[in-house]
Amino acid sequence: MTPAQIARIRADFATIARDADGFAVRFYECLFLLDPALRPLFSADLAAQRTKLVQALAFVVASLDRFERIAGAVADLGRRHRDYGVSAAHYGVVGTALLMALDARLDGLTADGRAAWSAAYSALAETMIEAADAAPALAAE
């Protein structure tokens, strides 16, 4: 990622962080609109999940200029998501939902912003998918 892309993402995130829960609500609305079959992967009450989403985004956004330092944590997240039932195919839907939510909450995502967020999400998703594919599944209990 370029320094300009990182700056764009951080500026956008500062804007959505002012109403972080509103952003997270919109994200999950978009996600379940795009793929209703994903809804059963989550608990009925999404409040805690919305908080986790925003915390994860904040962690990644803060670390964009040193992604290699968080790659292990991102890989762990990918392995956990695989064990929750998330497949590689779901990542595309999540990326689309993220862009839709950003577009809605930023009153229009610029072309530069869309490219920056897409690049960041692609790096994140690739790391998570690779880790999930490489790790053995947890044994069923």
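Regarding the overall build of the chain
Part 1 of the argument: The helix and strand inventory of the chain stands at six helices and zero strands.
Part 2 of the argument: The helix and strand sequence of the chain, counted from the amino end, reads α-α-α-α-α-α.
Part 3 of the argument: Against the globule reference of 14 Å for 141 residues, the chain gives a C-alpha radius of gyration of 15 Å, in line with a compact fold.
Part 4 of the argument: By its C-alpha atoms, the chain is 45 × 35 × 20 Å across when sized along the principal axes.
Part 5 of the argument: When burial is assessed residue by residue, the chain has 37% of its 141 residues classed as buried.
Part 6 of the argument: When contacts within the chain are restricted to residue pairs at least 6 apart in sequence, those whose partners lie at least 24 apart make up 77%.
Part 7 of the argument: Surface summary for the chain: the accessible area is close to 7,800 Å², and the carbon and sulfur share equals 58%.
Part 8 of the argument: Taking the 14 positively charged and 17 negatively charged side chains of the chain as two groups, their mean positions are separated by 4 Å.

Some details on the side chain of Asp12
Part 1 of the argument: For Asp12, the location among the structural elements is in helix α1 (residues 3-17).
Part 2 of the argument: In terms of polar contacts, Asp12 uses its side chain to reach the side chain of Trp117, at 3.0 Å.
Part 3 of the argument: Setting aside chain neighbours within four positions, we find Asp12 in contact with Leu106, Leu109, Gly113 and Trp117.

What about the packing of aromatic side chains?
Part 1 of the argument: One pass over the structure, following the stated rule, counts four aromatic pairs.
Part 2 of the argument: With centroids separated by 4.9 Å and ring planes inclined at 80°, the aromatic side chains of Phe27 and Tyr28 adopt a geometry described as edge-to-face. Across the pair, Tyr28 and Phe27 agree in class, each one buried.
Part 3 of the argument: Where Tyr28 meets Phe42, the ring centres are 5.4 Å apart and the plane angle is 70°; that geometry is what we call edge-to-face. In this pair, Tyr28 sits in helix α2 (residues 20-34) while Phe42 sits in the loop between α2 and α3 (47-62), placing the two residues 14 residues apart along the sequence.
Part 4 of the argument: Among the residues examined, Phe42 registers a relative accessible area of 23% and is labelled partly exposed.
Part 5 of the argument: Pairwise contacts between aromatic rings join Phe27, Tyr28, Phe32 and Phe42 into one cluster.

Description of the nonpolar core
Part 1 of the argument: Formed by 37 residues in total, the largest nonpolar core has its most connected members in Phe27, Leu98, Leu102 and Trp117.
Part 2 of the argument: Elements with a contribution of two residues or more to this core: α1, α2, α3, α4 (67-83), α5 (90-105) and α6 (111-134).

Observations regarding the environment of Leu124
Part 1 of the argument: Locating Leu124 in the fold gives a position in helix α6.
Part 2 of the argument: Judged by relative accessible area, Leu124 falls into the buried class, the value being 15%.
Part 3 of the argument: Once the C-alpha coordinates of Leu124 and Val54 are considered, the two residues, 70 residues apart in sequence, prove to be 15 Å apart.

With respect to unusual backbone geometry
Part 1 of the argument: With a phi angle near 55°, Asp107 is a residue other than glycine that sits in the positive phi range.
Part 2 of the argument: By secondary structure assignment, the location of Asp107 is in the loop between α5 and α6.
Part 3 of the argument: Asp107 sits in the exposed class, given a relative accessible area of 75%.

Quick notes on the rules
- Residues numbered from 1 in each chain as written.
- Predicted model: local features only at pLDDT ≥ 70, side-chain atom pairs only at ≥ 80, totals over all residues.
- Heavy atoms only, no water.
- Helix = DSSP H or I, 4+ residues; strand = E, 2+ residues; numbered from the N terminus.
- Rg over C-alpha atoms; globule rule 2.2 N^0.38 Å.
- Buried < 20%, exposed > 50% of the residue type's maximum accessible area, 1.4 Å probe, protein only.
- Contact = heavy atoms within 4.5 Å.
- Areas by Shrake-Rupley, 256 points an atom, 1.4 Å probe, with all protein chains shown as cover.
- Lys, Arg positive; Asp, Glu negative; His and termini not counted.
- Charge placed at Lys NZ, Arg CZ, Asp CG, Glu CD.
- Polar contact = N/O pair within 3.5 Å; in protein donor to acceptor, adjacent residues only side chain to side chain.
- Phe/Tyr/Trp six-rings, centres within 6.5 Å; stacked < 30°, edge-to-face > 60°.
- Core = buried A, V, L, I, M, F, W, Y, C linked by side-chain atoms within 4.5 Å.

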